[in-house]
2 protein chains.
Amino acid sequence: MNIVLLSGGSGKRLWPLSNDVRSKQFIKIFKVEDGSYASMLQIVYSKIRKADPDARITIATSKSQVSAINNQLDDKVGISIEPCRRDTFPAIALATAYLTDALGISEEESVVVCPVDPYVDDDYFEALKKLGELSDRGEANLVLMGIEPTYPSEKYGYIIPETKDAVSRVRTFKEKPDFLKAQEYISQGALWNGGVFAYKLKYVLERAHQLIDFTDYWDLYGKYETLNKISFDYAVVEKEENIQVMRFHGEWKDLGTWNTLTEAMTEPSIGNAILATTCKNVHVINELNIPILAMGLSDVVISASPDGILISDKQQSSYIKPYVDGIDQQVMFAEKSWGSFRVIDVEKESLTIKVTLNPGHRMNYHSHDHRDEVWVVISGEGTTLVDGMEQQVRAGDVITMQAGCRHTVIARTELKLIEVQLGREISVHDKKKYAME
Amino acid sequence: MNIVLLSGGSGKRLWPLSNDVRSKQFIKIFKVEDGSYASMLQIVYSKIRKADPDARITIATSKSQVSAINNQLDDKVGISIEPCRRDTFPAIALATAYLTDALGISEEESVVVCPVDPYVDDDYFEALKKLGELSDRGEANLVLMGIEPTYPSEKYGYIIPETKDAVSRVRTFKEKPDFLKAQEYISQGALWNGGVFAYKLKYVLERAHQLIDFTDYWDLYGKYETLNKISFDYAVVEKEENIQVMRFHGEWKDLGTWNTLTEAMTEPSIGNAILATTCKNVHVINELNIPILAMGLSDVVISASPDGILISDKQQSSYIKPYVDGIDQQVMFAEKSWGSFRVIDVEKESLTIKVTLNPGHRMNYHSHDHRDEVWVVISGEGTTLVDGMEQQVRAGDVITMQAGCRHTVIARTELKLIEVQLGREISVHDKKKYAME
């Protein structure tokens, strides 16, 4: 099976765990067998591998997520990087060209496309396989998954099938309806459109060449910024006559709000939390290293990260966005290709961060115009390079760097350091990168 | 007026703002005229000064609170330090001997004794003055303040006066009753006993000499640890026939729980907090530098400090103690005589703190056996002393100290530094102090 997972942009609806640089699919909130926690991305990835050990999995995403994906998944995953956001049709066209041109997969093969962040049972992954097999048979140009509705949702588009068979031709599509319309559709046997579908690579390539003037994947990548924003539904699905839908009646949840996310949690709390016996239906996710004590609360979600603390009635949590839009908080934690950093102190003319480098990794060789820096290595071993001078370092070593000086550190083992930045104009934009000398 | 403020021990009922080293009377939560925040101690102190500019104010407290008191009050305050906790009779006897022997006040003068942490209006302080004047007249050995009850509280002892006059002799005392008994007392004209009273110094000194074998203040201080724990009520009040009570009918609140404390707040939030319009009767006190967002909550208190985060139904908040007792959290923030420190990062073999030194102050000259330390000065100017070597330092300077080396820093201006502690056995107990060379 070829599969493309669409990894969407950062959202604010799961603040403070998601922000400009962290997306919900990377948050580790699901307890797995060995007692550790996994992200939605990791769970979906491992379940696809389990359903089909030979699956070729490609993630279609933006540049900003590549580090997080590499940190969370093994190196068998392919990544189709969108140079910028251009809606689903360009993204799927680019991923399709990536499969044929970069990975060399035959145009005759099928691919299954689905979002990276559904909360589903194992039978969902079996259904993905079946969807690919249906596409292989070639009875239709597109095969969609139609999810049997459990309530008249206003959040999804609907698919009206011709028959009630497990696989049927599609009669028509309906856009997100209001509640009464949704009831009506369901009484007509309508299914939710969860954005899961399969096609033969050559089919989408043909449509792409009709709409975009390009030669191959690399050409498409190069002109990606010039493409129009257009959805796959509008560009392809709505214009296609020959579509099948395959019913799916397993569990399928959208984890886009705190309310639905906490429903999927297997335990009431993650992290350092104490829930008094007077709490009812309270969920806590605490990424901070200080305890949270909750007493006498009902139907409340509490979430704390280096970016902030949310305490919300679960139903109310879906109205979070305007409040978070109003918060002007610098990024306090971020995963990078080489590890992660966390802001631990902010003063007017200094900023102190903790940097964790993964073994074998290094940060970019860089300099700052307007700040001095001091590194205090607190654990691990590695090599610093400062204006071309190498030095072996380990816990207790101190490196001072004046503004303008080029510097990096290469971790031999996992290496942690405290970085104190000093200056009147400390900014993430004050950074010049260099090739290693 | 002579006045002794009894400053009680650290309580856990206002966790996370009070802990082993911070008591509720030092928490700055009351907005004052210039827009800044003041503690209960500061408010009570300044209001006494306003009611009587010549008041001689002494605070009876334990050693651990002396730094906080000096940081919050001016140097006109006297402090009677209890070497250890020995209940109210030894504490009041010690403070009384301190007034006569250490401050040289005549035994014929009166003193007013009251808790440091009532939440009261200005007329309370006028009443304190009257209490002292009544004692001066010498019609009784003890003059108590009797607070007119506003509800049948089970939390206070009751005073039954002989008449309904503004000043009356006391008929009898009643211990904390149940609700029905409280109703009965109130129908008999009973008053709350708020632990506020006045006496002539010689009176308590006589009682003290009857019960304790001591010569003067310094002798009493020296043998304080050997004294029995005994309350002032038991040792003095219950055995005294000649007592007056003065009625007080102004506002008088005990701020011992989050529920009552938030009632006294003039604004719904202090610190970085956003309350959605769907919140009702929600109070937030946020000492952290990250935002708190509250949505759809009712009758909830949220309090965040470097020690932890509390989210509680207001009524339920009075049951906090057993939960906090179960939290084994190192002290993350503390005020010291020289300034304050805050833990900003904890790792297995390192601890990073931010130290703030007040202008003109210094930490103790000290060494550690089992850890190295690095200081990075982030603001201000001062002098470091390391194994006898002096160095002028300012922002950007780095000082490294091996285990065993003696060190201190003296602040010229306010000075802040990041201290990285490195070692396998980092403990607050690993500290040797030295005289300055």
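What this report covers is the structure whose coordinates are included nearby. As the structure is a prediction and not an experimental result, all values here were calculated from the model.

Criteria and cut-off values
Residues numbered from 1 in each chain as written. Chains lettered and ligands numbered in written order. Predicted model: local features only at pLDDT ≥ 70, side-chain atom pairs only at ≥ 80, totals over all residues. Heavy atoms only, no water. Helix = DSSP H or I, 4+ residues; strand = E, 2+ residues; numbered from the N terminus. Rg over C-alpha atoms; globule rule 2.2 N^0.38 Å. Buried < 20%, exposed > 50% of the residue type's maximum accessible area, 1.4 Å probe, protein only. Contact = heavy atoms within 4.5 Å. Areas by Shrake-Rupley, 256 points an atom, 1.4 Å probe, with all protein chains shown as cover. Lys, Arg positive; Asp, Glu negative; His and termini not counted. Charge placed at Lys NZ, Arg CZ, Asp CG, Glu CD. Pairing = 2+ DSSP bridges. Least-squares fit on C-alpha atoms with pLDDT ≥ 70 in both. Buried area = accessible area lost by both parts, 1.4 Å probe. Salt bridge = Lys/Arg side-chain N within 4 Å of Asp/Glu carboxyl O. Polar contact = N/O pair within 3.5 Å; in protein donor to acceptor, adjacent residues only side chain to side chain. Phe/Tyr/Trp six-rings, centres within 6.5 Å; stacked < 30°, edge-to-face > 60°. Axes fitted to C-alpha atoms, helices over the stretch in contact; angles between N-to-C directions. Parallel < 35°, antiparallel > 145°, perpendicular 65-115°, else oblique. Left-handed = near helix turned anticlockwise from the far one by under 90°. Nonpolar A, V, L, I, M, F, W, Y, C, P; charged D, E, K, R; others polar.

So, the overall build of chain A
Okay, step 1: Helix and strand counts for chain A come out as 10 helices and 30 strands.
Okay, step 2: Relative to a compact globule of 437 residues, whose C-alpha radius of gyration would be 22 Å, chain A shows 24 Å and is just as compact.
Okay, step 3: Buried positions account for 54% of the 437 residues belonging to chain A.
Okay, step 4: Pairs at least 24 residues apart make up 65% of the contacts formed inside chain A by residues separated by at least 6 positions.
Okay, step 5: For chain A, the exposed surface amounts to about 19,300 Å²; the carbon and sulfur share of it is 46%.
Okay, step 6: In chain A, which carries 49 positive and 63 negative side-chain charges, the distance between the mean positions of the two groups comes to 1 Å.

Considerations on the sheet that holds strand β15 (residues 273-275) of chain A
Okay, step 1: Spatial strand order, β15(A)-β17(A)-β19(B)-β18(B)-β16(B)-β14(B): six strands in an open sheet with mixed pairing. This sheet does not close on itself; its edge strands, each paired only once, are β15 of chain A together with β14 (269-270) of chain B.
Okay, step 2: Sheet topology note: the β15(A)/strand β17 (residues 292-295) of chain A ladder contains three bridges and is parallel. In the sheet register, A:I274 faces β17(A), and the bridge partner there is A:L293.

A word on the relation of the copies chain A and chain B
Okay, step 1: Note on the copies: chain A fits chain B at an RMSD of 0.2 Å, the axial shift is 0.0 Å, and the rotation between them is 179°. Seen this way, the second copy is the image of the first under a two-fold rotation axis. Measuring from the rotation axis to each C-alpha of chain A, the shortest distance belongs to A:I344, at 2.9 Å.
Okay, step 2: A share of 100% of the interface residues of chain A reappears at the interface of chain B, consistent with the copies meeting face to face through the same patch.

Notes on the sheet that holds strand β17 (residues 292-295) of chain B
Okay, step 1: Strand order in the open sheet formed by six strands is β14(A)-β16(A)-β18(A)-β19(A)-β17(B)-β15(B), and the pairing between neighbours is mixed. What marks the edges here is a single partner per strand, and that holds for β14 (269-270) of chain A together with β15 (273-275) of chain B.
Okay, step 2: Of the strand pairs in this sheet, strand β16 (residues 280-286) of chain A and strand β18 (residues 298-305) of chain A are connected by six bridges, and their pairing is parallel. Looking at the pairing, A:N286 lines up with A:A304 of β18(A).

Considering the pairing of strand β26 (residues 389-394) of chain B
Residue and element names in this part refer to chain B.
Okay, step 1: Alignment of strand β25 (residues 381-386) against β26, held across six bridges, turns out to be antiparallel. In the strand pairing of β26, E381 is matched with R394.
Okay, step 2: Hairpin connection from β25 to β26: two residues lie between these consecutive antiparallel strands, with D387 at a positive phi of about 50°.

Structural notes on the side chain of A:T356
Residue and element names in this part refer to chain A.
Okay, step 1: Mapped onto the elements, T356 comes out in strand β22 (residues 350-357).
Okay, step 2: T356 sits in the buried class, given a relative accessible area of 13%.
Okay, step 3: Ignoring anything within four residues of it in the chain, the contact list for T356 reads W338, G339, S340, E414, L415 and K416.

Observations regarding the interface of chain A and chain B
Okay, step 1: Taken together, the 52 residues of chain A in the interface contact 53 residues of chain B.
Okay, step 2: Across the chain A/chain B interface, buried area totals approximately 4,100 Å², and carbon plus sulfur atoms make up 70% of it.
Okay, step 3: It is A:L293, A:M295 and A:I311 that lose the most area in chain A upon contact with chain B, and together they represent 17% of the buried surface on that side.
Okay, step 4: Counting across the interface, chain A meets chain B through six salt bridges.
Okay, step 5: The partner of B:K354 in a salt bridge is A:D345, and the shortest N-O contact between them spans 2.8 Å.
Okay, step 6: Applying the counting criterion to the chain A and chain B interface returns 18 residue pairs in polar contact (both at pLDDT 80 or more).

Description of the packing of aromatic side chains
Okay, step 1: If you walk through the whole model with that rule in mind, you get 30 aromatic pairs over all chains.
Okay, step 2: Measuring from centroid to centroid gives 5.4 Å for A:F30 and A:Y119, while their planes differ by 20°, and the two rings are stacked. Highlighted residues: A:F30 in strand β2 (residues 28-31) and A:Y119 in strand β7 (residues 118-120), separated in sequence by 89 residues.
Okay, step 3: In this structure A:F30 comes out as buried when scored by relative accessible area, which is 6%.
Okay, step 4: A centroid spacing of 6.2 Å and a plane angle of 50° characterise the contact between B:W192 and B:W252, whose relative ring orientation is tilted. Here B:W192 is found in strand β11 (residues 191-200), whereas its partner B:W252 is found in strand β13 (residues 252-254), with 60 residues between them in sequence.
Okay, step 5: The class of B:W192 is buried, set by a relative accessible area of 2%.
Okay, step 6: Take B:W252: its relative accessible area is 11%, and that puts it in the buried class.

Some words on the environment of A:M389
Residue and element names in this part refer to chain A.
Okay, step 1: Positionally, M389 belongs in strand β26 (residues 389-394).
Okay, step 2: On the basis of relative accessible area, M389 is assigned to the exposed category, the value being 61%.
Okay, step 3: Residues M389 and E126 lie 263 residues apart in sequence; the distance between their C-alpha atoms is 55 Å.

Some thoughts on the pattern of salt bridges
Okay, step 1: Under the defined criterion, the tally for this structure stands at 40 salt bridges over all chains.
Okay, step 2: Between A:D325 and A:K12 there is a salt bridge; the shortest N-O distance is 3.2 Å. Of this pair, A:D325 sits in helix α10 (residues 321-325) while A:K12 sits in the loop between β1 (2-6) and β2; the two residues are 313 residues apart in sequence, bridging distant segments of the chain.
Okay, step 3: Given the relative accessible area of 27%, A:K12 is considered partly exposed.
Okay, step 4: Linking B:K202 and B:E108 is a salt bridge whose minimum nitrogen-to-oxygen distance equals 3.1 Å. Separated by 94 residues along the polypeptide, B:K202 in helix α6 (residues 201-211) and B:E108 in the loop between α3 (88-102) and β6 (110-115) bring together distant segments of the chain.
Okay, step 5: The structure contains a network of salt bridges with shared partners spanning A:D345, A:E347, B:K354 and B:K416.

Quick notes on the packing of α3(B) against α6(B)
Residue and element names in this part refer to chain B.
Okay, step 1: Look at α3 against α6: their axes get within 9 Å of each other, and the N-to-C directions meet at 125°. By the angle between their axes, α3 is oblique relative to α6. Seen from above, α3 lies across α6 with left-handed handedness. For the pair α3 and α6, contact is made by F89, I92, A93, T96, A97, L99 and T100 and by L201, V204, L205, R207, A208 and L211, respectively.
Okay, step 2: Grouping the constituent residues of the contact of α3 with α6 by class yields 10 nonpolar, two polar and one charged.

Considering the environment of B:T96
Residue and element names in this part refer to chain B.
Okay, step 1: Its place among the elements puts T96 in helix α3.
Okay, step 2: Between the alpha carbons of T96 and V113 there is a distance of 9.9 Å; along the sequence they are 17 residues apart.
Okay, step 3: Excluding residues within four positions of it along the chain, T96 makes contact with Y199, L201, V204 and L205.

Points about unusual backbone geometry
The phi angle of most residues is negative, glycine excepted, and most peptide bonds adopt the trans form.
All names here are of chain A.
Okay, step 1: Here the amide bond leading from W15 into P16 is cis, since omega sits at 5°, within 30 degrees of zero.
Okay, step 2: Looking at where P16 falls in the secondary structure, it is placed in the loop between β1 and β2.
Okay, step 3: In the Ramachandran plot, D387 falls in the positive-phi region, its phi being about 50° despite a non-glycine side chain.
Okay, step 4: Within the secondary structure layout, D387 lies in the loop between β25 (381-386) and β26.
Okay, step 5: The class for D387 is partly exposed, based on a relative accessible area of 47%.

Looking at the side chain of A:Q42
Okay, step 1: Position of A:Q42 relative to the elements: it lies in helix α1 (residues 40-51).
Okay, step 2: With residues up to four places along the chain from it excluded, the contact list for A:Q42 reads A:K28, A:Y37, A:Q72 and A:L73.

By themselves, these figures tell us nothing about what the structure is for.
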